[in-house]
Amino acid sequence: MTYTVYDDVITIKFIQEACKVLDKCVSMDAILKLFGEYFFKFCKMSGYDWMLRTLGGNLVEFIENLDALHSYLALSYQEMNAPSFCVEKGADGKILLHYYSDRSGLCHIVPGIIEAVAKDFFDIDVTMDILNINEEEERTRKKEHVVFLVVQKMHREMRWVKPGRSQEGQDVQRDQDALEAAFFRMKEKYLSVSLHPTKKSCWDIVRSIVMFGKGHLVDTFEAVYPERLWIEEKMFCNAFPFHIVFDESLRVKQAGVNIQKYVPGLQTRKIRLDECFSIIHPQVTFNIFSICKFINSQFVLKTRRMMPEAWKTKPALKLRGQMIWMESMRCMIYMCSPKLHSLQELEERKMHLSDIAPLDTTRDLILLNQQRLAEMELSNQLERKMEELRVLSKHLAIEKKKTETLLYAVLPEHVANQLKEGKKVNAGEFKTCTILFSDVVTFTNICAACQPIQIVNMLNSMYSRFDRLTSVHDVYKVETIGDAYMVVGGIPVPVGSHAQSIANFALGMRISASKVENPVTGEPIQIRVGIHTGPVLAGVVGDKMPQYCLFGDTVNTASRMESHGLPDKVNVSPTVRALENQGFEIMERGEIEAKGKGKMTTYFLIRNLKATEDEIMGRPNNPLDHKEASAQGHQENKTVAVMRYADSQQPSPNSEAEAPEESTPEESQAAGQDSVEGAEEQRPSHQTKTRPFQNDHVPSGFCALL
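Source: prediction; values computed, not measured. (Residues numbered from 1 in each chain as written. Predicted model: local features only at pLDDT ≥ 70, side-chain atom pairs only at ≥ 80, totals over all residues. Heavy atoms only, no water.)

Asks: Any chance you could break down the overall build of the chain for me, citing the residues and the numbers?
Replies: Scanning the chain for helices and strands turns up 24 helices and 18 strands. Considering only residue pairs separated by 6 or more positions, the chain has 62% of its internal contacts joining residues 24 or more positions apart. By element, 54% of the accessible surface of the chain is carried by carbon and sulfur atoms, the whole surface being about 41200 Å². (Helix = DSSP H or I, 4+ residues; strand = E, 2+ residues; numbered from the N terminus. Contact = heavy atoms within 4.5 Å. Areas by Shrake-Rupley, 256 points an atom, 1.4 Å probe, with all protein chains shown as cover.)

Asks: Got a sec to walk through the confidence of the model for the chain? Specific residues and values, please.
Replies: Summarising the model, the chain shows a mean pLDDT of 77, and 74% of its residues fall at 70 or more. Overall, residues 155-166 carries pLDDT values under 50, and its contacts beyond four positions in sequence, including any with other chains, amount to 12 contacts. Residue range residues 193-215 is modelled with pLDDT below 50. Its contacts to residues more than four positions away, or to other chains, number 39 contacts. (pLDDT = per-residue confidence, 0-100.)

Asks: Quick one: what's the story with the pairing of strand β1 (residues 84-89), residue by residue and with numbers?
Replies: With respect to burial, β1 is a largely interior element, five of its six residues being buried. Pairing geometry for β1 and strand β2 (residues 95-101), over six bridges, is antiparallel. Paired with E88 across the bridge in β2 is L96. (Buried < 20%, exposed > 50% of the residue type's maximum accessible area, 1.4 Å probe, protein only. Pairing = 2+ DSSP bridges.)

Asks: Can you explain the packing of aromatic side chains? Please cite residues and give values.
Replies: Tallied over the entire structure, the rule returns 13 aromatic pairs. Relative to F121, the ring of F62 has its centre 6.2 Å away and its plane inclined at 70°; by these criteria the two rings are edge-to-face. One end of the pair, F62, is in helix α3 (residues 59-64); the other, F121, is in helix α5 (residues 109-121), and 59 residues separate them in sequence. Judged by its relative accessible area of 3%, F62 is buried. On the accessibility criterion, F121 (15% relative accessible area) is buried. Residues F85 and Y99 carry aromatic rings whose centres are separated by 5.8 Å and whose planes lie at 50° to one another, so their mutual orientation is tilted. Of this pair, F85 sits in strand β1 while Y99 is found in strand β2, placing the two residues 14 residues apart along the sequence. Taken as a pair, F85 and Y99 share a single burial class, namely buried. Put simply, the rings of F40, F62, F121 and F122 touch in pairs and so form one group of aromatic residues. (Phe/Tyr/Trp six-rings, centres within 6.5 Å; stacked < 30°, edge-to-face > 60°.)

Asks: So what's going on with the pattern of salt bridges? Residues and values would help.
Replies: This structure, assessed with the given rule, holds 25 salt bridges. Between E399 and K402 there is a salt bridge whose closest N-O contact spans 3.7 Å. Placement of the pair is E399 and K402 together in helix α13 (residues 362-410), with a separation of three residues, close to one helical turn. Taken together, the shared-partner salt bridges in this structure form one network comprising K44, D49, R53 and D120. (Salt bridge = Lys/Arg side-chain N within 4 Å of Asp/Glu carboxyl O.)

Asks: How would you sum up the packing of α13 against helix α14 (residues 413-420)? Please name residues and give values.
Replies: A pair of packed helices is captured by two measures, namely the crossing angle of their axes and the spacing between those axes. It is at 8 Å that the axes of α13 and α14 come closest, and there the two elements cross at 120°. When the interaxial angle is binned, α13 and α14 end up oblique. Taken as a pair, α13 and α14 cross one another with a handedness that is right-handed. For the pair α13 and α14, contact is made by E404, L407 and Y408 and by E413, A416, N417 and K420, respectively. Its residues assigned to classes, the contact of α13 with α14 shows three nonpolar, one polar and three charged. (Axes fitted to C-alpha atoms, helices over the stretch in contact; angles between N-to-C directions. Parallel < 35°, antiparallel > 145°, perpendicular 65-115°, else oblique. Left-handed = near helix turned anticlockwise from the far one by under 90°. Nonpolar A, V, L, I, M, F, W, Y, C, P; charged D, E, K, R; others polar.)

Asks: Provide a residue-level description of the packing of helix α16 (residues 452-473) against helix α17 (residues 498-513), including the pertinent values.
Replies: Where α16 contacts α17, the two axes come as close as 10 Å, and the packing angle between them is 150°. The pairing of α16 with α17 is recorded here as roughly antiparallel in orientation. Relative to α17, α16 is oriented so that their crossing is right-handed. Across the interface between the two elements, R465, F466, L469, T470 and H473 from α16 touch S501, N504, F505, G508, M509, S512 and A513 from α17.

Asks: Before we move on, can you summarise the nonpolar core with the specific residues and values?
Replies: Ranked by size, the top nonpolar core spans 40 residues in total, and within it L436, M462, F466, F505, I531 and L605 carry the most contacts. Top contributing element to this core by residue count: α17, with nine residues. Ignoring anything within four residues of it in the chain, the contact list for L436 reads Y485, M486, V487, I502, F505, A506, M509, V529, G530 and I531. Residues A255, F286, Y334 and C336 belong to the second largest nonpolar core, which totals 36 residues. (Core = buried A, V, L, I, M, F, W, Y, C linked by side-chain atoms within 4.5 Å.)

Asks: How would you explain the layout of surface pockets if you had to name every residue and give the values?
Replies: A volume near 1800 Å³ is recorded for the second largest pocket. What lines the second largest pocket is a set of 46 residues, among which F35, F39, C43, M80 and R103 lie closest to the centre. Looking at the lining of the second largest pocket, the elements with two or more residues in it are α1 (8-21), α2 (28-53), α4 (66-73), β2 and α5. Among the elements that line the lining of the second largest pocket, the one with the most residues is α2, at 11 residues. (1 Å grid on protein atoms, 1.4 Å probe; cavity = no way out; pocket = protein on both sides within 12 Å on 5 of 7 lines; lining within 4 Å. Points joined across faces, edges and corners; volume = space filled by probe spheres on them.)

Asks: Account for the sheet that holds strand β9 (residues 318-326), with residues named and values stated.
Replies: With respect to topology, six strands assemble into an open sheet ordered β6-β5-β10-β9-β8-β7, the strand pairing being antiparallel. Only two strands of the sheet have a single neighbouring strand rather than two, namely β6 (252-255) and β7 (277-281). In this sheet, neighbouring strand axes are inclined to one another by 30° on average, regardless of whether the strands run parallel or antiparallel. Note that β9 and strand β10 (residues 331-338) share eight bridges and pair antiparallel. Following the sheet pairing, G321 is matched in β10 by C336.

Asks: Please set out the environment of V300 residue by residue, giving values where relevant.
Replies: Structurally, the position occupied by V300 is in strand β8 (residues 299-303). It is 9.5 Å that separates the C-alpha atoms of V300 and P338, two residues lying 38 residues apart in sequence.

Asks: Give me α17: which residues, what numbers.
Replies: For α17, with 16 residues, the first-to-last C-alpha span of 22 Å sits near the 22 Å given by 1.5 Å per residue. Among the 16 residues of α17, 15 are classified as buried, and the element is accordingly described as predominantly covered. (Expected span 1.5 Å × (residues − 1).)

Here it is, written out as structure tokens:
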């Protein structure tokens, strides 16, 4: 259901377009009538069926209570501009329906609604014809005044008459023709009547002509009234403390005791009613003629002035009730009650529940509404708490995601999940995996010649680049100690291509290291890389700051490959030589004396013949720079091949002795710790900030330790 308010101009245009679509076969009046029928069905489907069915016991009562229903619906639909209805009933069940509305051109909707209501709720068929349409000036604007003639169809009139039927069918047709002829004569005579607001019996001529079909438009029940009123005047004024009786000139004749209390002097001064009150609803001129026209509407009056002087600061009192015309007295009685919604409004007007008659449901409405307001406040508090919980839950999810990201950077995901669930992580044996170690050449000399913050920035820049490559090649970073960097392929998730992944990662490390400057010389730093393949045992060690560690001879052999390597070379063991058959260029280095291993034949990993530098580095391909990048990469590959070929032709028997001073992981760790502690007070914030990469999903382990 929509609460959008549409202008009547849009409705009229919509009807006109519908007529155009139908090639003007159907008039606008007929479409509006069909709209009225559908609107009645729509209201029933929208949940108002029960409310509408209980509105009246017959069609007349239903129409007379429509204004009260509109007043109630106006509380929910505040922009609703509802019409007003007034019914004139004759002694023989004759009905003239008066329709008043600020919205002109929509009166043809009324027959569709009323005829559908009569058929559905009261099982009668009625026809409605327009007798007259005019505009009458009211307080706010001109109101369209339409008079409908409501006629109930006879049951025999509803039968289909076919040619050749019996004499009864012909009689029915003649009766129908006679009724239509009488209607047109009546309409002509009605239009010739001179209307004047002071003449009360302007409809007498119409009533003397109209012949209604016999039916059940109104109830035939007749009440029995006493010969005199068995109630005293004082008792009546106390029993109905909010009522006003006024004559045709609006002179107040009588008032209830409590309305006198809150509008002092209302009766004693014999003042006019419009001097004390103004009409809030309906929007009509304050005179007896306008009130009679809208007699079925719910009237809301508002006090113009409050006395004594001390009461002028109080909010104005509003009264809501019904106008009843007393023909014998030629007076109008306004049976009303204060229009209040809460105890706060009651208190603001210095009133009490005892001022309202016990039989008045306003007392119950105030208390029920106060209870509803209290429940609404609790509901609003609950909604606010729920909204706060939703925000906190959202922030908690974000923080949980950050925590999990950090945790998964330290431990494998399945291991971290088991630890979160409080389970014990059993060590696992992996029959084959590939381990890589790397370190920075002459790292000890660099630490001795630089400030600690420079070492931190250099390692952070290098490790951040390496960490990004772990995501590119799907390898697991085990740990970093000082300048030592350890990764493994095939653990914790076994894969068959772990050697190729580690080999591509090693080639990417060498390229990434060339982008990091040596803080001493300003030249690119050099690294040594060692790779070995074999079985290991993996498991979590420790309860506080647990670490996923690898154990076995494979770890020692990979470390020896790194420590006995050469600058900017990837030193691999014989177990990795199988990469030569998988698109990698492998060059034999020869035998070396490995600590604890004896003599070993090792090899240098040169390049991947099937992958470009961009693919190894995980860079997105740029079509504009593809040709230039390919040419540059081809030229670099040629240079590297010539350099390594020269190295292979002139091997140095004392290459290990001539190699720059090595640094063991223990020495590197100690140097790194001394550097960090020495730079604790000198480190500016802008120098320690890491520079994230585009596809870097795992933060540097060094940064995590900091």
